Amino acid sequence: MTSLSFDELQLIKRITAKDQRALAELYDLYGSLVYSLAFRVVRNAALAEEVTQDTFLKVWSQAITWDADKGKLSSWLLTITRYTAIDLLRKEQRRPMDSAVGLDSIIDFMGQRGLTDDPRWHDSQLLRALLRQLPPDQVQVIELAFFQGLSHSEMAEQLKLPLGTVKTRVRLGLQKLRDLWLEAVRESDS
Amino acid sequence: MTDQPFHLDDPDPSQSEPADDCERLRGLIAAYSVGATDADETRLVEALLPDCPEVAAELKDFVGLGEALLYAAPQRDAPPQLRARILQAAAGRPVQALAPLPTVKTESFWDRLRAVFAARPLLSPALAALAIVVLVASNAYWSNQVQTLRVRERQILQLVQQQNRVLASLSSEGTQRVELASTRPDTPAHATVVWNPESEIALLTTEDLPTLEPDRVYQLWLIRGASPIGAGTFEVTDEGSAVFLFDMDEPVTAFDALGVSNEPRGGSDEPTTDPILVGEV
């Protein structure tokens, strides 16, 4: 266990003991990361705030469910964020693509920055670069599946494509992305 | 790896050979890792997984990829008030949607003068006169500052009202959109133009456009027949993103197509390079 995960373990223990300062520390560490993913899914500043709040409140009430052996705290937080955001989209019965691009996004665009102090930043940059190497139709279904939570049949309906075509695009796209990613990770390790 | 579409045409794994089952599982495992399988496919994956250790090992790679994808969203700063709202909610206190702006208690010159004398009852006449001069000067300075802030507040309010009008316009039911795709199949650049037929403004958003030399900009064109009309220039972030709001004298539907080209800074009267993005209206 690394010292970082040890710190995270202490943080979660304090949150489990309802130490509000620990929740504040967790937010200071990962608030922007959570908000960024929430915004990526819901594409709306107000909804992204709602998702971020729900995510941290879930952690506040269920921190004990985090298992340090199963993954990093930030990954656990982001997984909660992703599902919370997708659930919200489903509750609202809307998809980001159905709504116009809000002008609030202009301000957010201005506020964009690289989270260079996060060790995962280079991985995220890498993955975005790798995504650009895929054919656009494969990127499209990966985006719909991962960031909007659509299943094969939902994507086929939305894209008005045969189900088999969608399945092929998802499979080939993810396989190619995995291969590129593993190769890049191996190269950076060697 | 096959290019043939995978079909879930044999939902009963007990009726097929284990090798076939594992091959069928292999076709679904990527989608399963990101939650894209339909309910029947998910059940099939979970039924077959224990009997196909090689595919199960492959699943671990896909799960790792999924974890990395969680971090791939462009980074944004969370709104400053959000932290306090979350902590308030965690404490079980009522959550305010927006923190009220701090109010400034305004005191008149005479109020402050009285306060000075009340606090300094033993001031000599000379010091009192000096205090008055300082207060008058300070009062003039702060009056000027307040005036400047009021002007700025009015400007911000106007901006917010303008943005709200645009937002309401682009969020209404009649909103239409055109997708602009890259003219080169090897680049993922794309853009979207969104507009409301009842308003005279539209919004262009782009992704993955290459950054240009400092003396070059992108220019948006509204194209009717063979006549392109410039709709403005814009620049992109390092990530190729841009958000560009533009006015239209005519609705977008009055044009045949939209295009984006690389032009000298300041824009051109007509495109001087081949279009990078095009979209048919």
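Everything that follows concerns the structure shown earlier in this document.
All values derive from a computational prediction rather than experimental measurement. (Residues numbered from 1 in each chain as written. Chains lettered and ligands numbered in written order. Predicted model: local features only at pLDDT ≥ 70, side-chain atom pairs only at ≥ 80, totals over all residues. Heavy atoms only, no water.)

1. A few points about the packing of helix α7 (residues 136-148) of chain A against helix α9 (residues 163-189) of chain A
In a pair of packed helices, the angle between the axes and the distance between the axes together describe the arrangement.
All names here are of chain A.
At step 1: Packing of α7 against α9 brings their axes to within 8 Å, and their N-to-C directions diverge by 95°. Between α7 and α9, the angle falls in the class roughly perpendicular. Taken together, the residues of α9 that come into contact with α7 (itself represented by D137, Q138, V141 and I142) are R169, V170, L172, G173, L174 and L177.
At step 2: Residues belonging to the contact of α7 with α9 are distributed by class as follows: six nonpolar, two polar and two charged. (Axes fitted to C-alpha atoms, helices over the stretch in contact; angles between N-to-C directions. Helix = DSSP H or I, 4+ residues; strand = E, 2+ residues; numbered from the N terminus. Parallel < 35°, antiparallel > 145°, perpendicular 65-115°, else oblique. Contact = heavy atoms within 4.5 Å. Nonpolar A, V, L, I, M, F, W, Y, C, P; charged D, E, K, R; others polar.)

2. Notes on helix α8 (residues 152-159) of chain A
Residue and element names in this part refer to chain A.
At step 1: Every buried residue of α8 is accounted for by H152, M155, A156 and L159. For α8, the arc enclosing every buried residue in end-on projection is 100°, short of the 170-degree limit, so these residues lie on one face.
At step 2: Positive backbone phi, at 55°, marks K160, one or two positions downstream of α8. (Buried < 20%, exposed > 50% of the residue type's maximum accessible area, 1.4 Å probe, protein only. Arc of directions from axis to C-beta.)

3. Thoughts on the pattern of salt bridges
At step 1: For the structure on display, the rule yields 18 salt bridges over all chains.
At step 2: As a salt-bridge pair, D208 of chain B and R132 of chain A come within 2.7 Å of each other at their nearest N and O atoms. With D208 of chain B in the loop between β3 (201-207) and β4 (216-224) and R132 of chain A in the loop between α6 (121-131) and α7, the pair connects residues from two separate chains.
At step 3: What makes R132 of chain A partly exposed here is its relative accessible area of 35%.
At step 4: Note that R24 of chain B is salt-bridged to D21 of chain B, the shortest N-O span being 3.2 Å. Of this pair, R24 of chain B and D21 of chain B are both found in helix α1 (residues 18-33), three residues apart, which corresponds to roughly one turn of the helix. (Salt bridge = Lys/Arg side-chain N within 4 Å of Asp/Glu carboxyl O.)

4. Notes on the state of the cysteines
Residue and element names in this part refer to chain B.
At step 1: For the structure on display, the rule yields one disulfide over all chains.
At step 2: Covalent S-S linkage joins C22 and C52, the inter-sulfur distance amounting to 2.0 Å. Measuring the twist about the S-S bond at about -90°, one finds the C22-C52 disulfide to be left-handed. Of this pair, C22 sits in helix α1 while C52 sits in the loop between α2 (39-48) and α3 (53-70), and the two are 30 residues apart along the sequence. For the pair C22 and C52, a shared accessibility class is recorded, and that class is buried. (Disulfide = S-S within 2.5 Å.)

5. Description of the nonpolar core
At step 1: Ranked by size, the top nonpolar core spans 85 residues in total, and within it L26, L127, M155 and L177 of chain A carry the most contacts.
At step 2: Sort the elements by how many residues they give to this core and helix α2 (residues 20-42) of chain A lands first, with 14 residues.
At step 3: Excluding anything up to four places from it in sequence, L26 of chain A contacts L11, I15, G31, F56, V59, L73 and L77 of chain A.
At step 4: Within the second largest apolar cluster, 25 residues are counted, among which are V178, A202, L209 and I276 of chain B. (Core = buried A, V, L, I, M, F, W, Y, C linked by side-chain atoms within 4.5 Å.)

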